[in-house]
Structures are given as C-alpha cells and as structure tokens.
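# Breakdown of the fold
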Amino acid sequence: MTYKIHVQPSGHEFTAEAGETVLAAALRNGVHLPYSCRSGLCGTCKGAIVAGAVDYGDYQPQALSVSEKARGQALFCRAKPLADLTIQVREIAAAKDIRIRILPCRVVRLARLAPDVMGLSLKLPQNDRLQFLAGQYIDILLRDGKRRSFSLANAPHDDEFLQLHIKHVPNGLFSGHVFNALKEKDLLRFEGPFGNFFLREDSTRPAILMAGGTGFAPIKGILEHAFHLGVTRPLHLFWGGRAKQDLYLHDLVLDWEKAHANFRYTPVLSAPAPDDRWTGRGGWVHEAVVGDYPDLSGHEIYMSGPPPMIKAAKQAFSAHGLPEECLFYDSFENAVG
Ligand SMILES: Cc1cc2nc3c(=O)[nH]c(=O)nc-3n(C[C@H](O)[C@H](O)[C@H](O)COP(=O)(O)OP(=O)(O)OC[C@H]3O[C@@H](n4cnc5c(N)ncnc54)[C@H](O)[C@@H]3O)c2cc1C
Ligand code: FES
C-alpha cells in the first residue's frame, strides 16, 4: 500500500509506503522538508495537513501542542499517512541535492578536548567523501537499530576527516563507549548527512551564532565555512558553558577574532570555577544575546546545544523581535531508544 503526498506551495509530489513517516518518505524521494531531531521532540518538522488523515505517532507535547494539532498541524517526522495527503510546509532548497548514505568509517584520532568532551576524527573508505553542508549532523549506527546523532564540527572544504565533539553523558550508551572503550583504528558505521542547520548564504542579515557546550560543534563548521567563503556580514558568536573548561576550543575562537574583522566572540559562563578567575560575562548565554541585541528584528540567529537552552532562547528571541523565519537551530535532544 502506498500513499500519494502533495506538498504546498511547491507542488512537489511523492509517495510514502504504509508505515513510513511523511519525513522519511520525503527524504527518500529527494524532497527536503525542515527537520532536526527526527524524534518528535523539537518541533522543527511541524507543518499543516490540508487534506487527508495521519497517524500522529509518538511525540512530546512541547513539540506539538493540543491547539496546534486541533488547527491541523502535525510533526512530519512522526506522522504516518492513513490516506493520500496534501500538506503545507516550506521546503529547504539548499539540502536538496545531497544524498543521505550509510557509510563505514575508521576512528583515526581521539582527542580529549575537555574532561567530558572527546573530539573524534573519522576517516571514510579510501577515495570516498561525504557531501554535506556545514552544520549538518550524522547518526552513528549502533547495535539493535539504535542510533545517536552528532553534529559535524568540520566544514566541507576541510573534509579529510569528519570531526565530532562528543559530550560524556552519564550512563550514555555511545558516549560511554567513546570515553571508556573506543580506540584509534576502530570501525564505526553512520548514516547522514541530516538536518537543516546550515548557513543561509543568500542572506545579508548580521548573524548571531549561539552555542551551549558541545553545541559549538556545528557552529564551528558553519563559521569555518563562512570564513572560507569570505562572508563579510557581521558574525557574532556567543558561547555559553558552566565553567571555562566547557569552552573547550576557546583559544581557537580567539584566533578567529584576530583573523576576521567581521567576527566577534562573547564567551559566557553561568557557574565559573574559582580557578577560572573569570572576569567575563556571566549568567545564561541567551540573556547575554538579548542584553547586547535588545532589538533582533534585523538579525538572523543560529543556535545549537542543550534543549533547555534552546527552549528558553526561542521565547526570549521572539520577545525581542526576531522573525520566526530568521531562527535556525539544532536542539541536542537525547536519543529515543
Ligand atoms: C541533531 C542533533 C545533533 C546532536 N549533536 C551532538 C553533538 O555534536 N555533540 C554531542 O555531545 N551531542 C549531540 N547531540 C546529543 C546526543 O545525540 C545525545 O546526547 C545522545 O543521547 C548521547 O548518546 P549516548 O548514547 O551517549 O547517551 P544515551 O544512552 O542516549 O543517554 C543515556 C542517559 O542520559 C540521558 N542523556 C542523554 N543525553 C544527555 C545530555 N546531553 N544531557 C543530559 N542527559 C542526557 C538520557 O536521557 C539517558 O537517560 C545531538 C543531538 C541531536 C538531536
Ligand atoms: S520534532 Fe520532528 S524533527 Fe524534531
């Protein structure tokens, strides 16, 4: 059994197999709907069902409220068609020619960037390269169909190794393996690239980039890509952590500030350690952003990191005038399963 899905306003059409989510079918058919977590947690894939019916699937109420559902909205990463559908959602043009692949890779380097952050460098089989947009992520494939998402910290022009920044999560299945057992030369398998978190290169708006902890990984990729392209619009990075050790590539960012006149850096610590002797900004990183930019109506914001930071920042940025279509983010939701 297959269902026909018609997308408005683009007019694109594709088919979904019975039991397949709208998003999975769209990506399989080269139609790029917006999404991030693919787990019913972040709300990025929300769109309207104009005609037809879906099984809404499992999701968290913060991603789709009761009133949004009553107004005909659904999360396309969870919704499965029960009939032919017409849906309304904006497509993402830049990701459309990028093929999602499953590939093996070899761990060539494990570098401890902070006590709880490991930098992983991965090498693809000889002569193979992953096509991706700076800021996208991959899913590491584990046993029993489990998968864990990690953002690519390198930019496409620098793709000899794929770089990941992995935070050690207490009792974390994969991050525990990375910290306790993974060795150089080990093999992993991943699927990707995924996601819509990448620089909108056609925009001329000043960009604010905000990272929490390892949320710096995709922002690093995006900034290195922007520097490589010679982007001249203002770029202002706010990087937040509890203590100084959370800003695990602070010196690299200071070097960027010296090298690029259009780039500014504001580190923000919420709970500096006494040894940090911190004299810089304190508090929550999104509060530092709105403190410096009380009127965000002319800006564009890229942010990634822990879900509570993303949630608080979305509300604060909207209250300070940021248009919804100028906010791009990856919320580092925990894996489901
Ligand atoms: C699009 C996307 C991109 C991501 N990119 C990155 C990245 O670049 N770097 C990175 O470090 N993480 C990233 N994450 C988050 C990462 O995928 C999850 O933290 C993942 O669950 C960790 O896998 P694990 O097997 O170590 O822990 P799991 O086995 O999944 O989790 C074990 C336990 O810890 C809890 N837990 C999981 N993650 C966290 C957390 N971050 N904080 C507190 N408790 C947690 C779980 O609820 C569970 O109880 C990303 C997530 C998404 C959706
Ligand atoms: S809720 Fe669907 S992509 Fe996050």
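See the structure shown above.
Each value, and the rule that gives it
Residues numbered from 1 in each chain as written. Chains lettered and ligands numbered in written order. Predicted model: local features only at pLDDT ≥ 70, side-chain atom pairs only at ≥ 80, totals over all residues. Heavy atoms only, no water. Near = heavy atom within 4 Å. Polar contact = N/O pair within 3.5 Å; in protein donor to acceptor, adjacent residues only side chain to side chain. Areas by Shrake-Rupley, 256 points an atom, 1.4 Å probe, with all protein chains shown as cover. Helix = DSSP H or I, 4+ residues; strand = E, 2+ residues; numbered from the N terminus. Nonpolar A, V, L, I, M, F, W, Y, C, P; charged D, E, K, R; others polar. Domains from an automatic or database assignment. Disulfide = S-S within 2.5 Å. Buried < 20%, exposed > 50% of the residue type's maximum accessible area, 1.4 Å probe, protein only.

The full set close to ligand 1 counts 23 residues, and Arg148, Ser149, Phe174, Ser175 and Asn334 are the nearest of them. Between ligand 1 and the protein, one listed contact pairs an oxygen atom with a backbone N or O atom of Leu173 at 2.9 Å. Between Phe174 and ligand 1, the recorded distance is 2.7 Å, taken from a backbone N or O atom to an oxygen atom. In isolation ligand 1 exposes 930 Å². Once the protein is present, 78% of that is buried. Elements that contribute at least two residues to the shell around ligand 1 include exactly strand E11 (147–151), strand E12 (162–167), helix H3 (173–180) and strand E19 (327–331). Here the shell around ligand 1 takes 4 residues from E11, the largest share from any one element. Taken together, the residues that form the shell around ligand 1 break down as 10 nonpolar, 9 polar and 4 charged. Mapped onto the domain boundaries, the shell around ligand 1 takes at least three residues apiece from domain 2 (101–194) and domain 3 (207–331).

This next bit is on the state of the cysteines. A complete count under the given rule lists 0 disulfides for this structure. Cys42 supplies the cysteine sulfur nearest to Cys326, a cysteine that is in no disulfide, at a spacing of 18 Å. By relative accessible area, Cys326 is classed as buried at 7%.

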